Amino acid sequence: MHKLAFAAALALAFAAGPGPASQASQPAATPTRKPKAEKLPADSVAAARAVSSLRAAQGLPPVKADAMLTRAAEEQASAMAAATTMSHSVAGDLGSRLRRAGSSASSAAENVAMGQRDLSEVMASWTQSSGHLSNMLMPSISRIGLARRKGADGRLYWAMVLAAPEQAAMSGDAPGGVQWGVPFLMFP
């Protein structure tokens, strides 16, 4: 009988879990936090929807707004607005801007514009231009970033950067570990 009482007491102790002394010796569980997703500007999100709609009509997969590409577009739009000129190179070449923004895309393209008052106007301009439309319909692109900035001349300056998926950096490749597999397509 004594053995049965001991076994029952042992079973109750295990069922109840560790006592206060053993709880104190175990490290407290720390909640894991997911890294915060970068909040994208509404223009980039709306542009991704508009470009995805164009692509769907051609049987192409949708694109997503991307924080790195948005930073590259913001740099270009800001530089154009500051210089009050529309140019693909006013903030340096696209590859350099992408690297500064943290992107290692294997291919990319850029659309720039000046003077359109809102996203619908600039999208209409770009869809009516075969070169700009070709950039938005490149089968390899999956991400975009868009920015607009107001220049001292009162005009809005627009930049859209489109890119293929990120490419893993490889040692021995081009500076910064980035290998550009496809040349840029740039149109005025």
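Residues numbered from 1 in each chain as written. Predicted model: local features only at pLDDT ≥ 70, side-chain atom pairs only at ≥ 80, totals over all residues. Heavy atoms only, no water.

Peer 1: Go over the overall build of the chain, please, and point to the residues and values.
Peer 2: Along its length, the chain carries 7 helices and 5 strands. In sequence order, the chain lays out its α and β elements as α-α-α-β-α-α-β-α-α-β-β-β. In the chain, which comprises 188 residues, the proportion classed as buried is 37%. In the chain, the proportion of contacts linking residues at least 24 apart, taken out of those at least 6 apart, comes to 70%. Carbon and sulfur atoms make up 61% of the accessible area of the chain, which amounts to about 10800 Å² in all. (Helix = DSSP H or I, 4+ residues; strand = E, 2+ residues; numbered from the N terminus. Buried < 20%, exposed > 50% of the residue type's maximum accessible area, 1.4 Å probe, protein only. Contact = heavy atoms within 4.5 Å. Areas by Shrake-Rupley, 256 points an atom, 1.4 Å probe, with all protein chains shown as cover.)

Peer 1: Which residues make up the pairing of strand β3 (residues 143-150), and what values go with them?
Peer 2: Of the pairings in the sheet, the one linking strand β1 (residues 64-65) to β3 comprises 2 bridges and is parallel in character. Considered in β3, the bridge of A65 is made with I144. Inspection of the sheet shows β3 paired to strand β4 (residues 156-163) by 8 bridges, in the antiparallel sense. Pairing of A147 across the sheet is with A159, part of β4. Between β3 and the antiparallel strand that follows it, β4, lie 5 residues; G154 among them carries a positive phi value of about 85°. (Pairing = 2+ DSSP bridges.)

Peer 1: Give a description of helix α4 (residues 67-83) that names residues and reports values.
Peer 2: End to end, α4 covers 24 Å across 17 residues, agreeing with the expected 24 Å (1.5 Å per residue, within 8%). Inspection of α4 places A67, M68, L69, T70, A72, A73, Q76, A77, A79, M80 and A81 among the buried residues, and these make up the whole buried set. Structurally, α4 contributes buried residues whose contacts are with α3 (42-57), β1, α5 (94-101), β2 (108-114), β3 and β4. The N-capping residue of α4, defined by a side-chain oxygen 2.9 Å from the backbone nitrogen of M68, is D66. (Expected span 1.5 Å × (residues − 1). Polar contact = N/O pair within 3.5 Å; in protein donor to acceptor, adjacent residues only side chain to side chain.)

Peer 1: Describe the packing of α4 against α5, and please don't skip the residues or the numbers.
Peer 2: Contact pair α4 / α5: the axes reach a minimum separation of 8 Å and the direction vectors enclose 125°. Looking at the two axes, α4 sits oblique to α5. Note on packing geometry: the crossing formed by α4 with α5 is right-handed. Residues M68, L69, R71, A72, E75 and Q76 of α4 pack against R97, L98, R100 and A101 of α5. For the contact of α4 with α5, the per-class residue count stands at 5 nonpolar, 1 polar and 4 charged. (Axes fitted to C-alpha atoms, helices over the stretch in contact; angles between N-to-C directions. Parallel < 35°, antiparallel > 145°, perpendicular 65-115°, else oblique. Left-handed = near helix turned anticlockwise from the far one by under 90°. Nonpolar A, V, L, I, M, F, W, Y, C, P; charged D, E, K, R; others polar.)

Peer 1: Please set out the pattern of salt bridges residue by residue, giving values where relevant.
Peer 2: Inspection of every chain in the model, using the stated rule, returns 6 salt bridges. Here E74 and R149 are joined by a salt bridge, their closest N and O atoms 3.9 Å apart. Placement of the pair is E74 in helix α4 and R149 in strand β3, with a sequence separation of 75 residues. Residue E110 pairs with R97 through a salt bridge whose shortest N-O separation is 2.6 Å. Taken together, the residues span a long stretch of sequence, with E110 in strand β2 and R97 in helix α5 at a distance of 13 residues. The class for E110 is buried, based on a relative accessible area of 0%. We classify R97 as buried; its relative accessible area is 0%. (Salt bridge = Lys/Arg side-chain N within 4 Å of Asp/Glu carboxyl O.)

Peer 1: I'd love a proper account of the nonpolar core, names of residues and values included.
Peer 2: Ranked by internal contacts, the top residues of the largest apolar core, which has 19 residues, are W126, I144, W158 and M160. Setting aside chain neighbours within four positions, we find M160 in contact with A47, V51, A109, E110, N111, M123, W126, M136, I144, G145 and L146. Membership of the second largest hydrophobic core comes to 17 residues, among which are L69, A72, A105 and A147. (Core = buried A, V, L, I, M, F, W, Y, C linked by side-chain atoms within 4.5 Å.)

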